Amino acid sequence: MTRHLRRLRAIIILFLTEFAVTLVLGIAGVVGFLALGREVFDRDAATFDAAAFQWTRQLLGPRQQWVEAVTFFASRYFIMAAAFLLINWFLLVRKHRWNSLLVPVVALGSITLNLALKQFYQRPRPLLPLVSASGLSFPSGHAMISASFYGLLIYLAYTYIRRAGWRWLLIGGLVLLIALIGLTRIYLRVHYATDVLAGFTAGLVWLIVAIPLLKQLEIRARRPLKIQAQAVEKQPE
């Protein structure tokens with residue numbers, strides 16, 4: 001086994017370990033969310049959802065193509081493609097290996113948690129959707145994925161962009177995008193408003209759990225990984 005293959009194996013093992021630990025703690029972090037989510041099915045929530053359908057229709061007006069374009073930016077296919085590009089940017093341009101691990105953990109973990117939550121609640125989608133949609137309704141996958149992935153971009157922008165003007169402009173744009181994605185899901189009647197709010201909440205919980213945990217794992221893993229790399233370099237090809 002060559003030196004490069006040994007390094008690749010160490011990185012893969014580290015990623016799988018981080019993903020598994022973070023996912024377990026992320027599931028624990030949404031236990032409170034699961035308890036609160038039961039309130040979704042009472043009569044007050046039904047009234048709120050009905051009012052939200054009418055409000056978004058008045059806010060966004062007649063159906064327009066931009067509505068479907070906005071909601072696409074939180075689809076699984078787009079998020080996975082965007083995550084892949086971001087990973088490569090951190091690996092090849094910024095040379096920041098730890099952020100290249102953070103991105104897939106957050107993205108894949110958010111998708112995995114969302115599927116688990118949908119199976120737990122088994123809530124059907126609203127009747128008479130304006131576009132075709134499959135699967136279960138609660139919590140909204142688009143809302144949860146957008147809150148976690150674009151929330152991660154907000155964290156990265158706040159951390160690494162030095163110019164305050166550009167930093168806050170990007171953060172404001174990302175916050176607006178997250179909000180619009182949630183509104184369009186209600187507008188298109190593919191999710192109830194409570195689905196969207198639950199998705200935002202779960203996505204933020206996942207992000208709040210994942211980032212500090214991965215930073216701690218990074219600190220703890222730096223030293224043994226450095227020692228391992230030095231040992232690998234000393235071995236013959």
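Since this is a predicted model, take the numbers as computed values, not measurements.

Along its length, the chain carries 9 helices and 0 strands. Mapped in sequence order, the helices and strands of the chain form the string α-α-α-α-α-α-α-α-α. The burial tally for the chain puts 46% of its 237 residues in the buried class. Sequence separation of at least 24 residues holds for 80% of the intrachain contacts in the chain that already meet a minimum separation of 6. Carbon and sulfur atoms make up 68% of the accessible area of the chain, which amounts to about 13400 Å² in all.

This part is about the packing of helix 7 (residues 141-160) against helix 8 (residues 164-187). Geometrically, a packed helix pair is captured by the angle between its two axes and the distance between the axes. It is the contact of helix 7 with helix 8, at a shortest axis distance of 9 Å, that shows an interaxial angle of 180°. As far as their axial angle goes, helix 8 and helix 7 are roughly antiparallel. Residues His142, Ser146, Ala147, Tyr150, Gly151, Leu153, Ile154, Ala157 and Tyr158 of helix 7 pack against Arg167, Trp168, Leu170, Ile171, Leu174, Val175, Leu177, Ile178, Ile181 and Arg185 of helix 8. Residue composition of the contact of helix 7 with helix 8, grouped by class: 14 nonpolar, 3 polar and 2 charged.

Another aspect to go through is the nonpolar core. Ranked by internal contacts, the top residues of the largest apolar core, which has 44 residues, are Val103, Val106, Phe149, Tyr150 and Leu152. Broken down by secondary-structure element, the contributors of at least two residues to this core are helix 3 (43-60), helix 5 (76-93), helix 6 (97-121), helix 7, helix 8 and helix 9 (193-234). If you tally residues by element for this core, the top one is helix 7, at 10 residues. The contacts of Leu152, once residues within four sequence positions are left out, are Leu102, Val103, Val106, Leu207 and Ile211. Leu60, Val67, Leu188 and Val190 belong to the second-largest nonpolar core, a separate cluster that totals 6 residues.

Chain-level statistics for the chain give a pLDDT mean of 77 and a share of 71% at 70 or above. Summarising per-element confidence for the chain, the mean pLDDT is lowest in helix 2 (residues 31-37) (57) and highest in helix 8 (92).

As enumerated under the stated definition, the model contains 9 aromatic pairs in all. Seen from their ring centres, Phe73 and Phe78 are 5.0 Å apart, and the 85° between their planes marks the pair as edge-to-face. Given a relative accessible area of 33%, Phe73 falls into the partly exposed group. In this structure Phe78 comes out as partly exposed when scored by relative accessible area, which is 25%.

Right, let's talk about the packing of helix 5 against helix 7 for a bit. At a minimum axis separation of 11 Å, helix 5 and helix 7 run at an interaxial angle of 25°. Between helix 5 and helix 7, the interaxial angle falls into the category roughly parallel. Taken as a pair, helix 5 and helix 7 cross one another with a handedness that is left-handed. For the pair helix 5 and helix 7, the contacting residues are Arg76, Phe78, Ile79, Ala82, Ala83, Leu86 and Phe90 in the first and Ile145, Phe149, Tyr150, Leu153 and Leu156 in the second. Tallied by class, residues from the contact of helix 5 with helix 7 come to 11 nonpolar, no polar and 1 charged.

Quick look at helix 4 (residues 65-72) now. For helix 4, every residue scored as buried is listed here: Val67, Val70 and Thr71. Down the axis, helix 4 shows its buried residues gathered within 95° of arc, on one side only. In this fold, the buried residues of helix 4 make contact with helix 7 and helix 8.

Before going further, it helps to examine the pattern of salt bridges. Considering all chains together, one arrives at 2 salt bridges under this definition. When the shortest N-O distance is used, the salt bridge between Arg123 and Asp49 registers 3.3 Å. Of this pair, Arg123 sits in the loop between helix 6 and helix 7 while Asp49 is found in helix 3, placing the two residues 74 residues apart along the sequence. An identical accessibility class is assigned to Arg123 and Asp49; each is buried.

Parameters at a glance
Residues numbered from 1 in each chain as written. Predicted model: local features only at pLDDT ≥ 70, side-chain atom pairs only at ≥ 80, totals over all residues. Heavy atoms only, no water. Helix = DSSP H or I, 4+ residues; strand = E, 2+ residues; numbered from the N terminus. Buried < 20%, exposed > 50% of the residue type's maximum accessible area, 1.4 Å probe, protein only. Contact = heavy atoms within 4.5 Å. Areas by Shrake-Rupley, 256 points an atom, 1.4 Å probe, with all protein chains shown as cover. Axes fitted to C-alpha atoms, helices over the stretch in contact; angles between N-to-C directions. Parallel < 35°, antiparallel > 145°, perpendicular 65-115°, else oblique. Nonpolar A, V, L, I, M, F, W, Y, C, P; charged D, E, K, R; others polar. Core = buried A, V, L, I, M, F, W, Y, C linked by side-chain atoms within 4.5 Å. pLDDT = per-residue confidence, 0-100. Phe/Tyr/Trp six-rings, centres within 6.5 Å; stacked < 30°, edge-to-face > 60°. Left-handed = near helix turned anticlockwise from the far one by under 90°. Arc of directions from axis to C-beta. Salt bridge = Lys/Arg side-chain N within 4 Å of Asp/Glu carboxyl O.

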